[in-house]
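Commentary on secondary and tertiary structure
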Amino acid sequence: MRTLALSLLAISALSASDLQLWYNQPAVQWEEALPVGNGRLGAMVFGRPASERIQFNEHTVWTGEPHSYAHPGAHQYLGQIRSLLAEGKQKEAQALAMQEFMSQPIRQKSYQAFGDLLIEQPGIDPAQLSAYRRSLDLDTAIATTTFTANGVTYTREVLASHPAGVIAVRLTASKPRSLTFDATLKAAHPDAATTSRPDSSLSMSGAVANSAIKFEARLVAIPEGGKVESKDGRISIHDADAVTLLLAGATNFVNYRDVSASPARRNDATLAPLRSARYPALKAAHLADHQTLFRRVRLDLGSSASAALPTDERVRRFATAPDPQLVTLVFQYGRYLLIASSRKGGQPANLQGLWNASNTPSWDSKYTVNINTEMNYWPAEITGLGECQQALFDALKEVAASGAETAKEHYNAPGWVLHHNFDLWRGTAPINASDHGIWPTGGAWLSTHLWEQYLFTGDREFLRTRAYPLMKGAAEFFTAYLVRDPKSGKLISGPSNSPEQGGLVMGPTMDHQIIRALFADTASAAEALNVDPEFRRKLLAMRADIAPNHIGKHGQLQEWMEDIDDPKNEHRHVSHLWGVYPGREITPYGSPDLFAAARKSLEFRGDAATGWSMGWKLNLWARFLDGDHAWKIFSNLISPAANGGRGVRGKAGLFPNLFDAHPPFQIDGNFGATAAVAEMLLQSHDPYATPQAISPVEQGKAAFIHLLPALPSALPKGKALRLRARGGVDVDLDWADGKLRSATLHARRALPVTVRYAGKEIRFQAAKGKDYSFDSELNAIKPVTVTLEE
């Protein structure tokens with residue numbers, strides 16, 4: 001059989017249904033509704049024929065107001081807290097910290113619901129419907145509901161257009177003059193009212209309680225045939241052939257210090273160019289925008305007999321009925337959700353992405369940065385969605401400004417710091433409780449995302465203007481924060497904690513791994529830009545002096561400076577394994593003893609976990625080159641989830657709409673699963689890297705491409721197109737019977753490349769814009785274009 005290389009045409013033959021979530025009944029619970037989003041507005045579509053509910057959000061509808069969270073003069077107590085910890089008086093240190101060192105106020109603010117678009121269509125008896133179907137097409141980003149009633153087939157399409165800035169609802173019928181319905185807006189806040197406007201549109205305006213945020217939603221109806229009237233806060237459509245509803249929403253939020261905008265004027269500006277627009281043109285612009293991002297990466301893991309079943313039924317059967325197509329769907333769903341929830345000009349994806357129906361959401365639906373926010377962006381670069389990180393980087397610039405105040409007041413230190421959460425108002429001080437809130441490496445971790453984008457793109461302008469200033473500020477803080485450990489003589493962090501267990505300590509392993517990475521990345525950035533040579537040397541010298549990783553008495557990687565790990569501890573966090581993933585310092589060939597110890601720690605933690613924890617463990621097992629163990633975790637994740645409450649314990653897994661369940665819903669597990677599938681198929685960190693040295697790959701001077709490093713036996717065949725590797729290399733893969741058939745590398749930069757597969761390695765100098773194809777023996781072959789059938 002000839003060896004085949006792939007082109008983008010190779011997966012174009014995938015059936016549209018392969019990328020659809022679909023159901024044969026309306027949503028009853030919110031976790032059954034289908035999400036659409038444009039990075040600023042999000043909606044959940046229930047698909048109810050007679051009484052449709054489309055619950056919607058706007059990214060800046062939060063509680064709170066511009067406010068400094070820093071505790072003035074808190075640094076006066078820092079030395080005393082450290083001394084108490086050194087004396088073994090943890091409780092006393094935590095008590096002092098709670099009183100004198102925490103954020104003001106002690107808690108941050110919460111993301112809020114906005115409202116509901118309700119459509120009442122009289123004359124439809126739900127018991128007399130036929131041919132009902134609701135679906136979400138990931139390729140088009142359109143949620144569709146179809147049903148037949150009284151001899152008429154009705155179709156509703158819902159999309160969230162990023163170019164237009166609105167949510168559009170398109171209603172059509174198979175017979176003329178068949179659309180008669182009422183539409184209204186219902187606010188999620190008591191201080192709001194819906195009124196009819198002279199132009200027949202609706203305005204829902206109001207304010208969030210205990211907040212500076214004021215909002216307005218606007219609904220416009222554009223009928224084709226029939227007539228429209230608006231009164232008493234309701235739009236009524238009579239005998240139309242088709243109708244387009246446009247939903248706009250805005251607040252007075254400008255930035256975390258400024259709430260002076262006019263929501264109404266913003267909605268006027270959004271809707272003005274759309275009143276004369278035709279739905280086909282709006283839809284075409286939406287498709288072009290979405291598909292430019294979504295179609296960059298294609299994946300085909302083979303067909304499934306279960307594909308003919310509704311999505312919720314496929315999830316229920318996954319444990320007993322092999323369904324590789326569902327794995328493809330879960331992979332692409334994560335990419336879809338990232339596109340929908342995180343776009344330039346918007347807020348970053350929060351704990352629930354963009355979607356939230358509660359004004360008291362779990363953990364405030366904010367930004368938890370001791371794992372969750374970072375996990376949201378794990379799939380961004382490797383699956384071709386680097387632009388979606390711009391919302392995060394924009395927020396990080398504001399966080400750094402707020403964090404500089406926290407660094408000064410809490411640590412009397414230069415640079416900036418972020419503890420384990422931030423919110424719309426960019427709080428950076430430690431919150432909630434001292435035993436877990438004092439964790440100062442959130443900003444350092446997020447700063448590694450900046451360097452990762454440079455490694456994937458080689459964009460020096462981004463590095464110079466956006467990344468390096470933030471990285472440098474984060475590193476400056478830690479040059480002042482680290483202290484000398486009297487026992488080991490090494491530099492350690494503290495006070496801090498190993499999220500979210502063990503209480504306040506000095507020198508948790510995770511901190512040291514993140515700070516070493518930050519120092520290495522910042523030093524490499526300074527070298528790439530040819531700036532700050534003295535600062536670079538200082539970082540490298542301090543990096544080498546940080547307390548190293550230690551192997552404990554159980555053969556485990558120690559989580560703390562002391563050898564106190566409990567092998568029976570199955571805590572959801574696996575913080576001390578950061579150096580394996582998403583970090584790059586503990587590797588199979590560069591540090592095999594630490595690699596084995598880290599694996600032992602993961603074995604101790606077990607396979608059962610919360611949804612997001614399974615997402616982390618999936619990626620860790622992929623980095624441990626154990627695809628079958630990763631698959632075991634994946635099988636646990638793809639199982640029906642349930643919320644807890646009233647004495648009933650919740651269950652992690654996937655809700656009917658494939659939202660990840662902590663439980664309750666947290667979107668990070670969706671993104672962790674997507675990243676893990678990519679990590680099983682392609683790895684591009686340096687497997688020879690060590691905690692001591694910075695390799696050319698980690699400096700952005702070379703590429704290392706590991707093909708199919710953790711392929712599960714449950715996925716013996718498949719094709720992947722345009723997965724992205726560090727060094728600016730796109731990779732196409734074709735495998736069968738568990739073995740590579742061919743790989744094609746598309747070099748976007750000129751640099752040395754090493755390719756590894758099944759113990760073999762080749763090295764060559766790649767030229768920018770050139771393609772390089774190999775067979776399973778890593779012999780060079782001539783690329784050919786094929787179809788799936790071949």
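1. Overview of the nonpolar core
With 224 residues, the main nonpolar core has Trp616, Ile705, Leu707 and Leu733 as its most contacted residues. Listed in part, the 13 residues of the second largest apolar core include Val166, Ala168, Val220 and Leu246.

2. Topic: helix 16 (residues 611-623)
Residues lying three or four places apart along an α-helix face the same way, a consequence of the helix completing one turn every 3.6 residues. In a regular helix each residue adds 1.5 Å, so 13 residues correspond to 18 Å; helix 16 covers 19 Å between its end C-alpha atoms and thus fits that length. Across the 13 residues that make up helix 16, a large majority, 13, are buried. Two residues or fewer after helix 16 comes leucine 625, characterised by a positive phi angle close to 65°.

3. As for the pattern of salt bridges
Overall, the coordinates contain 44 salt bridges when judged by the stated rule. Between glutamate 679 and arginine 623 there is a salt bridge, and its shortest N-O distance comes to 2.6 Å. Note that glutamate 679 is positioned in helix 18 (residues 668-681) and arginine 623 in helix 16, a separation of 56 residues in sequence. Neither glutamate 679 nor arginine 623 differs from the other in exposure class; each is buried. Linking arginine 748 and aspartate 730 is a salt bridge whose minimum nitrogen-to-oxygen distance equals 3.2 Å. Taken together, the residues arginine 748 in the loop between strand 30 (739-747) and strand 31 (751-757) and aspartate 730 in strand 29 (residues 729-736) connect sequence positions 18 residues apart.

4. Digging into the packing of aromatic side chains
Scanning the model with the defined rule gives 32 aromatic pairs in all. Linked through ring pairs, Phe101, Tyr411, Phe477, Phe478 and Tyr481 together constitute an aromatic cluster. Its end group placed over the ring of phenylalanine 294, arginine 335 keeps NZ or CZ at 5.4 Å from the ring centre.

5. Digging into helix 17 (residues 627-637)
Within helix 17, burial applies to Gly627, His629, Ala630, Trp631, Ile633, Phe634 and Leu637. The inward-facing, buried residues of helix 17 abut helix 6 (324-341), helix 16, strand 24 (653-654), strand 25 (660-661) and helix 18.

6. Some points on the packing of helix 9 (residues 390-411) against helix 11 (residues 442-457)
Relative to each other, helix 9 and helix 11 sit at 130°, their axes nearing to 11 Å. Classified by the angle between their axes, helix 9 and helix 11 sit oblique to one another. Along this stretch, helix 9 crosses helix 11, giving a crossing that reads as left-handed. Taking contact as the criterion, the partners of Gln390, Leu392, Phe393 and Leu396 in helix 9 are, on helix 11, Leu446, His449, Leu450 and Gln453. Of the residues that constitute the contact of helix 9 with helix 11, the class distribution is five nonpolar, three polar and no charged.

7. Digging into the sheet that holds strand 28 (residues 718-725)
Spatially, the six strands line up as an open sheet ordered 17-28-29-30-33-34, and their pairing is antiparallel. The open sheet terminates on both sides in strands that have one partner only, identified here as strand 17 (298-300) and strand 34 (780-781). By the bridge criterion, eight bridges tie strand 29 to strand 30 in an arrangement that is antiparallel. For tryptophan 735, the partnering residue across the bridge sits in strand 30 and is leucine 740. Strands in contact with helix 6 are strand 17 and strand 28; relative to strand 17, the strand with the most contacts, it is inclined by about 165°.

8. Details of unusual backbone geometry
Backbone torsion omega between glutamine 104 and proline 105 reads 0°, so that peptide bond is classified as cis. Considering the arrangement of structural elements, one finds proline 105 in the loop between helix 2 (90-100) and strand 5 (115-120). A cis amide bond links tyrosine 581 with the next residue in sequence, proline 582, at an omega value of 10°. Inspection of the secondary structure puts proline 582 in the loop between helix 14 (533-545) and helix 15 (592-605). Of note in this structure, leucine 658 is not a glycine but carries a positive phi near 70°. In this fold, leucine 658 is placed in the loop between strand 24 and strand 25.

9. Things to note about the sheet that holds strand 8 (residues 152-161)
Here nine strands make up an open sheet; going across it, the order is 1-6-7-8-9-16-13-12-11 and the pairing antiparallel. In this open sheet, the two strands that pair with only one neighbour each are strand 1 (20-23) and strand 11 (192-196). For this sheet, the mean angle separating the axes of adjacent strands, direction not counted, is 15°. The sheet contact formed by strand 13 (residues 214-224) and strand 16 (residues 242-251) spans ten bridges and is antiparallel. Paired with isoleucine 222 across the two strands is threonine 244, which belongs to strand 16. The strands that helix 4 (residues 279-294) touches are strand 7 (142-149), strand 8, strand 9 (166-173) and strand 16; relative to strand 8, the one it contacts most, it runs at about 50°.

So, how was this worked out
Residues numbered from 1 in each chain as written. Predicted model: local features only at pLDDT ≥ 70, side-chain atom pairs only at ≥ 80, totals over all residues. Heavy atoms only, no water. Core = buried A, V, L, I, M, F, W, Y, C linked by side-chain atoms within 4.5 Å. Buried < 20%, exposed > 50% of the residue type's maximum accessible area, 1.4 Å probe, protein only. Helix = DSSP H or I, 4+ residues; strand = E, 2+ residues; numbered from the N terminus. Expected span 1.5 Å × (residues − 1). Salt bridge = Lys/Arg side-chain N within 4 Å of Asp/Glu carboxyl O. Phe/Tyr/Trp six-rings, centres within 6.5 Å; stacked < 30°, edge-to-face > 60°. Lys NZ or Arg CZ within 6 Å of the ring centre and 35° of its normal. Contact = heavy atoms within 4.5 Å. Axes fitted to C-alpha atoms, helices over the stretch in contact; angles between N-to-C directions. Parallel < 35°, antiparallel > 145°, perpendicular 65-115°, else oblique. Left-handed = near helix turned anticlockwise from the far one by under 90°. Nonpolar A, V, L, I, M, F, W, Y, C, P; charged D, E, K, R; others polar. Pairing = 2+ DSSP bridges.

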